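Structure at a glance
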Amino acid sequence: DGMNVLFVVVDDLRPVLGCYGDKLVKSPNIDQLASQSIVFSNAYAQQALCAPSRVSFLTGRRPDTTRLYDFYSYWRVHAGNYSTMPQYFKENGYMTLSVGKVFHPGVSSNHSDDYPYSWSIPPFHPSTEKFENDKTCRGKDGRLYANLVCPVDVTEMPGGTLPDIQSTEEAIRLLNVMKTKKQKFFLAVGYHKPHIPLRYPQEFLKLYPLENITLAPDPWVPEKLPSVAYNPWTDIRQRDDVEALNVSFPYGPLPDDFQRQIRQSYYAAVSYLDTQVGLLLNALDDVGLSNSTIVVFTADHGWSLGEHGEWAKYSNFDVATRVPLMFYVPGMTTSSVSQGERVFPYLDPFSHTLGLVPQGRSKKVVELVSLFSTLAELTGLQVPPVCPETSFHVALCTEGASIVQYFNASEEKVEEEEDGHDDTYKCFNEESVAFSQYPRPADTPQWNSDKPKLKDIRIMGYSMRTVDYRYTVWVRFNPSNFSADFEDVHAGELYMVETDPNQDFNIYNNISHGCFFKKIID
């Protein structure tokens, strides 16, 4: 009880990490954190877009309750005056601090990252964030471009640094302040990379020789993918290097060699992120707080790296909705840590290949919307009540149940459960389920399919993921009263995880799926 919280959230990070079994990516510091944590291998975001996902997990409400599916409304004004997770900690005596991208900046957090409701002091944003989309990538001709693939010499960057480096420095400064203050804290640190542009210190490319980089296992658009489900990756098309390729809209594809370069730079950006996480956790050791601080590590959603012929997020596939999620709880996920003991010595990705394995692993399907209640329970605060069916008028409640009960579930139990699933097509009521959703403006891909504004949404894809399957229905949606009409189904998808882990073979039309449907409308 009464532990501090260090909450690390990463932009657009899918679980390409050593601790998630990725053989290529070098992530020794995150793997070291995992080796002292409970790691959830089936964790999912509620919408694969920054602002809706973040507002959802920071309020503990689903997008249909926050009414945010784009970037252009503030939930306290347009939905309900919902308390946030940091606000709840603040009201319970914690100093709450925000560094980097925690809330999505702009309208959706009232141009203030929800300060002063959520934070004790004004949130910190790195001064070099504003150069993120400028022409800072040196091309082969020596000129500067706004590229997607953008390894850089940091000394040549504005201010001689990068936003995530600045965020780490500020977070470390705050840890030192909190050490002297001796007050409980909730410190949220939001890292930008591997969000596009893939701009990172160029030395990280050395970790990933291009000849070692493969294409996605399924780089084609699946034959039975409904057109409404496809996202045409318009944001990367606007980058100078992609624009120069003159790729056809909406399906592409990108040339193979460029696909490899994107994948290479995404991995390099992940290793750069890993060093920042390593420095931050090493500082937690330095200030002697590793024995009294819970560390959570997660992302707002994933990012498609060519799977299904898609790039970026903006879909309901696992590659876009699945996220890393781990909790380090001293004395619970590890034996108690003595004062001053080093738990997180910094590991250099250029020399360390430890192959550390997670302390504990759960295959339970869980959702980011559960973070609020889970952290309340772990710190001994009263867990917010479950929301009633309609909760626009309720300030404090949550739509995601705490997942602390899964922390000590041993792997054996999970295996037993899975063995009992003989009838693949049966629905299981007792199974854990993750719900995600994605809006579309039309049945076929168009210029605003990736990020439709609320007024343009006509279809909502509601998706349900269990350990066995992903089931999605695309139904008519009315943005003026936020209603979905499940009688008007435009398309459907069903993928069986065991036989089709990459979700390439849609069997929606092959079987009757009445019980899946019943479960999704409940």
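Quick summary incoming for the structure in this document.

Criteria and thresholds
Residues numbered from 1 in each chain as written. Predicted model: local features only at pLDDT ≥ 70, side-chain atom pairs only at ≥ 80, totals over all residues. Heavy atoms only, no water. Pairing = 2+ DSSP bridges. Helix = DSSP H or I, 4+ residues; strand = E, 2+ residues; numbered from the N terminus. Axes fitted to C-alpha atoms, helices over the stretch in contact; angles between N-to-C directions. Contact = heavy atoms within 4.5 Å. Salt bridge = Lys/Arg side-chain N within 4 Å of Asp/Glu carboxyl O. Buried < 20%, exposed > 50% of the residue type's maximum accessible area, 1.4 Å probe, protein only.

With mixed pairing, seven strands are arranged side by side in an open sheet as 3-7-1-9-12-2-13. Each edge of the open sheet carries a strand with a single partner, namely strand 3 (95-100) and strand 13 (360-367). Strand-to-strand, the axes of this sheet are offset by a mean angle of 15°, without reference to chain direction. Taken together, the six bridges between strand 1 (residues 4-10) and strand 7 (residues 185-191) define a ladder with parallel strand orientation. Residue pairing across strands places V5 opposite F186, the latter belonging to strand 7. Helix-sheet contacts for helix 11 (residues 371-378) involve strand 1, strand 7, strand 9 (293-299), strand 12 (322-328) and strand 13, and the interaxial angle to strand 9 is about 165°.

Once that is clear, we can look at the sheet that holds strand 14 (residues 434-440). Backbone-to-backbone hydrogen bonds pair the strands of a sheet. The strands run either parallel or antiparallel. Within the open sheet, the four strands sit side by side as 14-15-16-17. Their pairing is antiparallel. Pairing within the sheet leaves two strands with one partner each, and these edge strands are strand 14 and strand 17 (483-496). When strand polarity is set aside, the average angle formed by the axes of neighbouring strands in this sheet is 20°. Bridging between strand 16 (residues 469-478) and strand 17 involves ten bridges; their strand directions are antiparallel. Residue pairing in the sheet places V475 in a bridge with V489 of strand 17. Helix 13 (residues 514-521) rests against strand 14, strand 15 (459-465), strand 16 and strand 17 of the sheet, and its axis sits at about 60° to strand 16.

What the rule picks out here adds up to 20 salt bridges. D286 serves as the salt-bridge partner of R342, at 2.7 Å between the closest nitrogen and oxygen. With R342 in the loop between strand 12 and strand 13 and D286 in helix 9 (residues 256-286), this residue pair connects regions lying 56 residues apart in the sequence. Of the charged contacts in the structure, one is a salt bridge between D485 and R476, with a shortest N-O distance of 3.0 Å. You can call D485 partly exposed: its relative accessible area is 23%. Through salt bridges that share partners, D11, R54, K101 and D300 make up one connected network.

So, to be careful, I would describe these as geometric facts and stop short of saying anything about function.
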